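# Geometric and topological summary
If you want the building blocks of each chain, they are given just below.
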Amino acid sequence: MIISMKPNATREQIDHVCDRIREFGYKVHSIQGEERVVIGVIGVGDVTPCLEAIEVAPGVASAVRISSPFKFVSKEFRPHRSEIPVNGVSVGGDQFAIMAGPCSVENERQVMETAEVAAELGVKILRGGAFKPRTSPYDFQGLEMEGLKLLAKARTATGMAIVTEVMSEHDVSLVSEYADIVQVGARNMQNFALLKALGRQPRPVLLKRGISSTIRELLMSAEYITAHGNPDVILCERGIRTFETATRNTCDISAVPVLNELTHLPVVVDPSHAAGRQSLVPALCRAAVAVGADGMIIEVHPSPESAKSDGAQSLNFSQFRSMMEELKPYLDIWTATRLNERAAVAVA
């Protein structure tokens, strides 16, 4: 359930409500808003006795049940967009967040050249895989620790933030030490031990939709992370498996507005994995902007034809520059729309 405290509720009243909730055996998550405190309650069992007790507590304005199965990530819990600050970009805010870089970290020259070009074009977040989940055990698996060190070196040189994937709960502390955003790949979307571990660490989490997962399942996976203490989750639509074979995956562009109706979490699109072909990436990037995504994550490589993984879907530097130039008018409209939405919320 959600408990809204009165605007003038005292700290003692808020603490009393939280203590009463814990007495009933539930967990408490509170959000300090500009005008009032909102308290989220989760747990197992009939919440009615707790609800009735809290409704009459001093300082409580209202207490209502959350009907959706995903509690903390639903718009019932937080009606307005969540904004996650990363390196000067507020993902979910008034800036369209672009993350770009190679699929896999291969060597220092590759990472540094890509980071320099991306930074030159205004990209604030560098993507790159140090640990790589591959379908074949014989494919390149990533540089692991050495890859993390190279990403850290690129961050020092360019000032860019780092988003990189973690594959196991045993590596969460290591990856979060180097990364500014920790990525969960499509294959691990329902690795619940990993999701719980990510809920206990402080870095924002980029959660990719599973290859055959529904939107509800994606939101339930996000709920695992938030319910274990980390509210900073960024959802990623990266294409799903369908009967179509013309593209690597089917980019479910409609997932973006659907998610925007259901959750306050930011939503980004991965056009590279969705298309599997570099020629289709610019069009999908424009679609992501037009449909209201909060950002995108793109694969860029100095020499895609020699890439150790996913070269076919990676843009070279010339293609990336052209695409960023083509995006400018779309991004101008996106920014104006987002500012108008913010103004409308402020008036309401």
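Here we summarise the structure given alongside this text.

Here is what the cut-offs are and how they apply
Residues numbered from 1 in each chain as written. Predicted model: local features only at pLDDT ≥ 70, side-chain atom pairs only at ≥ 80, totals over all residues. Heavy atoms only, no water. Helix = DSSP H or I, 4+ residues; strand = E, 2+ residues; numbered from the N terminus. Pairing = 2+ DSSP bridges. Axes fitted to C-alpha atoms, helices over the stretch in contact; angles between N-to-C directions. Buried < 20%, exposed > 50% of the residue type's maximum accessible area, 1.4 Å probe, protein only. Arc of directions from axis to C-beta. Contact = heavy atoms within 4.5 Å. Phe/Tyr/Trp six-rings, centres within 6.5 Å; stacked < 30°, edge-to-face > 60°. Right-handed = clockwise from strand over helix to strand, strands pointing away. Salt bridge = Lys/Arg side-chain N within 4 Å of Asp/Glu carboxyl O.

### Observations regarding the environment of Gln95
- Residue placement: Gln95 occurs in the loop between strand 6 (89–91) and strand 7 (97–101).
- The sequence separation of Gln95 and Leu331 amounts to 236 residues, and the corresponding C-alpha distance is 9.0 Å.

### Quick look at the sheet that holds strand 8 (residues 125–127)
- If you trace the 8 strands once around the closed barrel, you get 7-8-9-10-11-12-13-14, paired in parallel fashion. Averaged over all pairs of adjacent strands, the angle between their axes in this sheet comes to 25°, without regard to strand direction.
- Relative to strand 12 (residues 233–237), strand 11 (residues 205–208) runs parallel, the two being bridged by 4 bridges. For Lys208, the partnering residue across the bridge sits in strand 12 and is Cys236.

### Overview of helix 8 (residues 255–262)
- Residues Ala255, Val256, Leu259 and Asn260 constitute the buried set of helix 8. Summarising the axial view, the buried residues of helix 8 lie within an arc of 135°, below the 170-degree limit, and thus occupy one face.
- The secondary structure elements touched by the buried residues of helix 8 are helix 7 (215–227), strand 12, strand 13 (267–269) and helix 10 (281–291).

### Focus: the packing of aromatic side chains
- Following the criterion strictly, the structure yields 3 aromatic pairs and no others.
- Centre to centre, the rings of Phe72 and Phe77 are 5.0 Å apart; their planes meet at 70°, and the pair counts as edge-to-face.
- Given the relative accessible area of 5%, Phe72 is considered buried.
- Measuring from ring centre to ring centre gives 5.3 Å for Phe96 and Trp334, while their planes differ by 80°; the resulting arrangement is edge-to-face. Taken together, the residues Phe96 in the loop between strand 6 and strand 7 and Trp334 in helix 11 (residues 317–347) connect sequence positions 238 residues apart. Taken individually, Phe96 and Trp334 each receive the classification buried, so the pair is uniform in this respect.

### What to know about the pairing of strand 12
- The element strand 12 is extensively covered by neighbouring structure, given that 5 of its 5 residues are classed as buried.
- In strand 12, alternate side chains face the same way, and those of Val233, Leu235 and Glu237 on one face and Ile234 and Cys236 on the other are all buried.
- Taken together, strand 11, helix 7 and strand 12 constitute a β-α-β crossover, and its handedness is right-handed.
- Pairing geometry for strand 12 and strand 13, over 3 bridges, is parallel. The partner of Glu237 across the bridge, within strand 13, is Val269.
- The parallel pair strand 12 and strand 13 is bridged by helix 8, and the resulting crossover is right-handed.

### Section: the pattern of salt bridges
- Evaluated as defined, the whole model comprises 20 salt bridges.
- In this structure, Arg342 and Glu83 form a salt bridge, with 2.4 Å as the shortest nitrogen-oxygen distance. Placement of Arg342 in helix 11 and of Glu83 in the loop between strand 4 (60–64) and strand 5 (84–86) is noted, with a sequence separation of 259 residues between them.
- A salt bridge links Lys328 to Glu325; its shortest N-O distance comes to 3.1 Å. Taken together, the residues Lys328 and Glu325, both in helix 11 and 3 residues apart, mark about one turn of the helix.
- Overall, Glu325 belongs to the partly exposed group, its relative accessible area being 49%.
- Among the ionic contacts, a cluster of salt bridges with common partners joins Arg81, Asp294, Arg338 and Glu341.

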